[in-house]
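# Summary of the model geometry
The lines below spell out each chain.
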Amino acid sequence: MNESPVVDQEAMQEPPTRMVAIDAVESASPILIEDVTVAYHRRPVLWNIDYQAPSGKLIAIVGPNGSGKTTLIKAALDLVPRAAGQVLFFGEPYGQQRHRVGYVPQRTSVDWDFPVSALDVVAMGMYRKIGWLRPVSRKYREAAKQALDRVGMVDFANRQINQLSGGQQQRVFLARALAQNANLYFMDEPFAGVDAATERAIVDILRQLRESGKTVIAVHHDLQTVHEYFDEVVLLNMRLIAAGPTADVFTPDNLRKTYGGKLALLDQLGEKMAQPRSR
Amino acid sequence: MCDSSLLAVDSLWELFARAISLRDYNTRVVLGGTTMLGISGGLVGTFLVLRKRALAADVVSHAALPGIAVAFLLAERLAPGSGRSTSVLLFGAFASGLLGMAMTLAIRRWTRIKEDAALAIVLGLFFGLGMALFTVVQRTKTGNAAGLSNFIFGKAASMVASDVWLIGVVSVVIAMLCCGVFKEFSLLCFDEEFAAARGYRTMLLDWLLTLMAVTVTLIGLQSVGLLLVVALLLIPPTAARFWTNDLKVMSWLAAAIGGVSCAGGVVLSAAFPKLAAGAVIVLSGAGLFVVSLVFGKERGLWPKWSLQHQFEQRIGRSDLLRACYELLEPIHGSRETTQESLTKYEIDDLELLAMRQWPSGRFQKLVSSAVRERLLETNSTGGYQLTLRGAAEARDAVRRHRLWEIYLLTQTDLDPRLVDRGADGIEHVLDPQQLADLERQLDSHLPQGIPPSPHPIAGAAIN
Amino acid sequence: MSLFAPLQTWTSLDTWIILIGALAAMACALPGCFLLLRRQSLMGDAISHTSLLGIVAAFFVSHWLVEANVISPATELSVRHVAMCLGAAIVGVLSAWMTESLQKFGNVESSAALGVVFTSLFALGLLLIRAVADDVHIDPDCVLYGAIEMAPLETVGASGIPRAVFVTGVVLVINLLLTVMLFKELRLSAFDPALATTQGIPAHVMHYGLMGVTAMTLVAAFESVGSILVIAMLIIPPATAYLLTDRLPRMIGLSLLIAALSSVLGHVSALTLPTMIAESVGIPDVHDASTAGMMAAAAGFLFVSAMLLGPKYGLVSRVWHRLLLRLRIASEDVLGGLYRFEESAAASADVSLATERAAWLRSLTTQSWLTRLATWVLLRRRWLIGSGSDVQLTDAGREAARTLVRSHRLWESFLAKHFVLGTGRFHESAEQVEHFLDPALLAELDQDLDRPGVDPHGRAIPN
């Protein structure tokens, strides 16, 4: 306790310097997640997540089922409410930076019986640019075709989407994200349930995106391929376990922490927070 | 019953008194039958709602319409005069209601149309067909007087004793059946696959439930009308759900709510003949629903809100007391704090304010409520001092907080920077048992009494 | 001839009825397309019930305005119409909002929430209407059934054009304009609300906007055609179109066409069918049925026809294609079997082989009807000659069989090269796959395997 004044001096000085540091890099950082907590029915599923993504990297979010990977993405994109914390995209709230952020949802999240063609779906990525009340003109249809071409799907442009295989559907989603021409992409399990050819095609596209300075954050399940595909890893299990370059962070020790059972007490307490009367 | 007696009574009050005191035999009968209907509706509805199928009952009731008309026409053709028999009409309703159900199943099974649209299609088709047939009925000689339109809006008062007996008996049978297969139904609703794996014939159970729902819907047609009968199966269980998480309690509560709203509706509409029984029954159910929505013990809005509020109050209080403690802690130096020693020092509210980042306006509220609860007291110089009780609670809060922090640090490999914030949320839900567990787990790391903070305390530097 | 006898008295009234019906149906089908795709079909049904409350409220307001001398009785009617549309739109949006809030704050499952809201609000509307029916002259029956037969009688000025044509026509034009202008926004927010929001098209605004437009359409149509027709036309034509095409613009166009067609079919059958059916079962004096009801029934008839006969998703075509496929597989199995016997016979002079072949052929004819049919088809095509259990491959047949056996054995080789399976397993897989390998794939297989001469069982692969 005698030392406390010295330590406290640091404590006093540290926050401002940290703030300055953040301000300096904010303009460059595609996403800054600060102290984000998300709760479903008062039960926290993500606790105090802090993360700042580097620009121009392929980043994997890795963690066991129910660890809040999809929730983190949705919370960042205001698709689920945050109980606490803030998220900044390129230094600004999401509302002002929507056009620079692309989202590729899980394939199961849409109705594939919907009467649209692959080309229609891709064009949907450009609606913001086209603007309200205006039809999709030839120019945008061409752009959509080009995006389809980049994922090797141009021959299927006029197919109804339920006549595509799982991998092809995923590629259409990817083409839509390309058409959005965002600077930061979120992808929810882009490799789930796709064939080997599609997986290769997706990886190629991801690398092209990185070449052109885009940042991709993907929820990823396959631990085998993390090293090969991604530059950065975020290990998540309700809490942020570790984050950083794949080589440093994707270690057996960290993985054990991530997958070694949920933090039992944390889980139990989350349960209690959902029902505060129990005390 | 009321239309005829209306002339005999000279005031509305007398009419009301007659209805309330159940002086009329007919009112008593209708009341009994309709209440039974409400009870069985609540019971069957519980399972239907849990299987997310409640709106199927709406489709069944609409689909019954062409069946009623066809039954009437056929019966009149075969034996003139028999078309008005309730059992004949109900039989027709039953057949076409089931046909409607079968058609929704067929549409879902064989086309890519989703369930909601399948229901809407069958509803529209059968209702339209039914209306067309009704106009045909009305143009026959006997049709006009047949009172078939009572099936649409419902008219409990027009029911004769034999109708009511039919309704009552069927309701009792359904309710008993429901109790008989309660266990199987709960399994079906909770985990269909598990039920199938346990060797239950889920198909059979499902059909039994459907059949029971169809039956309740159809016997309710006369009193509530086909446009609203779905409410009998839907509102009571949905209202009951707010009060309990126990299926058994829920189904009995649903039965009670159903019975009460039906009885209320019958009595009210007997007292005020202008009020249509069906609408009043549904609205009394809706009233009970709103009450449940607001006050329901398990999922109601008010209990949820007040628990949340209390929780936040508690957190605020212990945050405040902890801040007091941490402000006073350096003054004690390396000495152990005691309850008494903590009460001796004055606390400056500006220093206290600097201890944490309080949300704006919250600090003042917390301090004044702490003073009100005699945890803090103002002294002669205008500063604050902890009371004995406040000091005890402060020590308790600090101990809780620090134990949890140390646990997080030593057991979960967390980044130390995150520890304080993480502990903030959780410490408040630790119960004595868990605290004891924590102490046991941390045995080797712990000094006696209140452990020192594992990290520097922000704000303390002002001292 | 008697079927069309009633049509000889066709008047301009009938033409107007059809036109009004068609306009109303088309106006409803437009928002219906999007309700169907958003899986909110029942929402339209619910809104059509709850808007009764809006209608009643509008009556109150206009009545009150006249009483208070704000407007003259002469303008009351037009004020009332505007108020009705607005009132219905407000109640429609309100009921959508209440449903969503119940889901969100009360954790009530979506269909149950919808049911509770619409039955309660409808009951309230019904009660109010009954309570004030003496004062404001509105008849719930009229709102419900509509009086499309009467609609042409009320004309605008001296033009002789029914007012209902104007009302429904204006609504149709508004809905068409909205659909065309907001086409891509409506489509995206129905397909992927999350993306819509990120693209600057707030999904909830679109949701409530659609609900409001639906409610206004319904009320405008109610007045002239009644709610039955409206409920049916909202979902049935779009669902029918959905079964016929995979493109949204085409689906919308088709649903308009189907809506109009239902109107024509409905009115014609309302005039003709009831008489015929009633006469045939011996009920006299029936000359027509409710046109609105028959229009709904006609839409349902078109739906069932599409469900059965649709070119791509129709049940008949799917069953037919499956039958054709099974027939092809069966005939290819016959060809392959004969080819293998020829092959074995060429390799060895074993006598038992001939008896084995005869036994196999005999079993063919006693096997399933499909195999018998397949043999018959092969004989007709002259790929086989002979009769009964004594058949031989022709040259053309042998050529086809060779390709088949080649497919089979190449596939087996492919599996053997790339997978570790028991040899027995190759055959099973190849039995199924052989029917689906096209020449391009065969060439690729051939290349992959470096043009093998024999399969894993050591048998030659024919060229």
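None of these values were measured; they are calculated from a predicted model.

Basis of the calculations
Residues numbered from 1 in each chain as written. Chains lettered and ligands numbered in written order. Predicted model: local features only at pLDDT ≥ 70, side-chain atom pairs only at ≥ 80, totals over all residues. Heavy atoms only, no water. Helix = DSSP H or I, 4+ residues; strand = E, 2+ residues; numbered from the N terminus. Buried < 20%, exposed > 50% of the residue type's maximum accessible area, 1.4 Å probe, protein only. Pairing = 2+ DSSP bridges. Axes fitted to C-alpha atoms, helices over the stretch in contact; angles between N-to-C directions. Contact = heavy atoms within 4.5 Å. Salt bridge = Lys/Arg side-chain N within 4 Å of Asp/Glu carboxyl O. Polar contact = N/O pair within 3.5 Å; in protein donor to acceptor, adjacent residues only side chain to side chain. Nonpolar A, V, L, I, M, F, W, Y, C, P; charged D, E, K, R; others polar. Buried area = accessible area lost by both parts, 1.4 Å probe. Patch = residues over 30% accessible without salt bridge, like charges linked within 9 Å, V, L, I, M, F, W, Y side chains within 5 Å. Areas by Shrake-Rupley, 256 points an atom, 1.4 Å probe, with all protein chains shown as cover.

Where the residue is not glycine, phi is negative for most of them; where a peptide bond is considered, it is trans in most cases. A positive phi is found at A:Glu189, a non-glycine position, where the angle reads about 50 degrees. Secondary-structure assignment places A:Glu189 in the loop between β6 (184–188) and α8 (196–211). Even without being glycine, C:Asn107 reaches a positive phi, approximately 55 degrees. If you trace the backbone, C:Asn107 turns up in the loop between α3 (73–106) and α4 (110–136).

What follows concerns helix α2 (residues 69–76) of chain A. With respect to burial, α2(A) is a largely interior element, six of its eight residues being buried. After α2(A) finishes, the residue A:Asp78 shows a positive phi value of roughly 60 degrees.

Turning next to the sheet that holds strand β7 (residues 215–219) of chain A. Residue and element names in this part refer to chain A. Taken together, the six strands give an open sheet; going across it, the order is β5-β6-β7-β3-β8-β9, and neighbouring strands pair in mixed fashion. Each end of this open sheet is capped by a strand with a single partner; those strands are β5 (101–104) and β9 (239–245). Taking the axes of each pair of neighbouring strands and ignoring which way they run, one obtains an average angle of 15 degrees across the sheet. In the packing of helix α7 (residues 166–180) onto the sheet, contacts are made with β5 and β6, and the angle to β5 comes to roughly 175 degrees.

A separate point is the interface of chain A and chain C. Listed per partner, the contact involves 33 residues of chain A and 28 residues of chain C. For the pair chain A and chain C, the interface holds three salt bridges. C:Arg39 is the partner of A:Asp111 in a salt bridge, and the nearest nitrogen-oxygen pair spans 3.4 Å. Inspection of the chain A/chain C interface yields 16 residue pairs in polar contact (both at pLDDT 80 or more). Here the side of chain A that touches chain C is built from residues that sort into 16 nonpolar, nine polar and eight charged.

A word on the pairing of strand β3 (residues 58–62) of chain A. In the case of a regular strand, side chains alternate between the two sheet surfaces. Residues and elements named next belong to chain A. Across the five residues that make up β3, a large majority, five, are buried. Burial of the side chains of β3 extends over both faces: Leu58, Ala60 and Val62 are buried on one face and Ile59 and Ile61 on the other. By the bridge criterion, four bridges tie β3 to strand β8 (residues 232–237) in an arrangement that is parallel. The residue of β8 that forms the bridge with Val62 is Leu235.

Turning next to the interface of chain B and chain C. Taken together, the contact between chain B and chain C spans 56 residues of the former and 63 residues of the latter. Buried surface at the junction of chain B and chain C, summed over both partners, amounts to about 5200 Å²; 74% is from carbon and sulfur atoms. Linking chain B with chain C are one salt bridge. When the shortest N-O distance is used, the salt bridge between B:Arg112 and C:Asp246 registers 3.0 Å. There are nine residue pairs in polar contact (both at pLDDT 80 or more) connecting chain B and chain C. Contributions of two or more residues to the side of chain B that touches chain C are made by α4 (54–78), α5 (86–110), α6 (115–139), α7 (150–153), α12 (230–240), α14 (277–295) and α15 (301–332) of chain B. For the side of chain B that touches chain C, the leading source of residues is α6(B), giving 16 residues.

Another point: the pattern of salt bridges. Residues and elements named next belong to chain C. Applying the stated criterion across every chain yields a total of 26 salt bridges over all chains. Ionic pairing is found between Glu343 and Arg409, a salt bridge with its closest N-O pair at 2.9 Å. Taken together, the residues span a long stretch of sequence, with Glu343 in helix α13 (residues 315–347) and Arg409 in helix α16 (residues 395–418) at a distance of 66 residues. For Glu343, a relative accessible area of 25% puts it in the partly exposed group.

To continue, consider the side chain of A:Thr225. Relative to the elements of secondary structure, A:Thr225 occurs in the loop between β7 and α9 (226–229). What makes A:Thr225 buried here is its relative accessible area of 10%.

There is a patch of nonpolar side chains on the surface, built from A:Trp132, A:Leu133, C:Val173, C:Leu177 and C:Met181 and spanning about 480 Å² of accessible area. Note that C:Leu177 resides in helix α6 (residues 163–181).

Treat this as a map of the structure, not an account of what it does.
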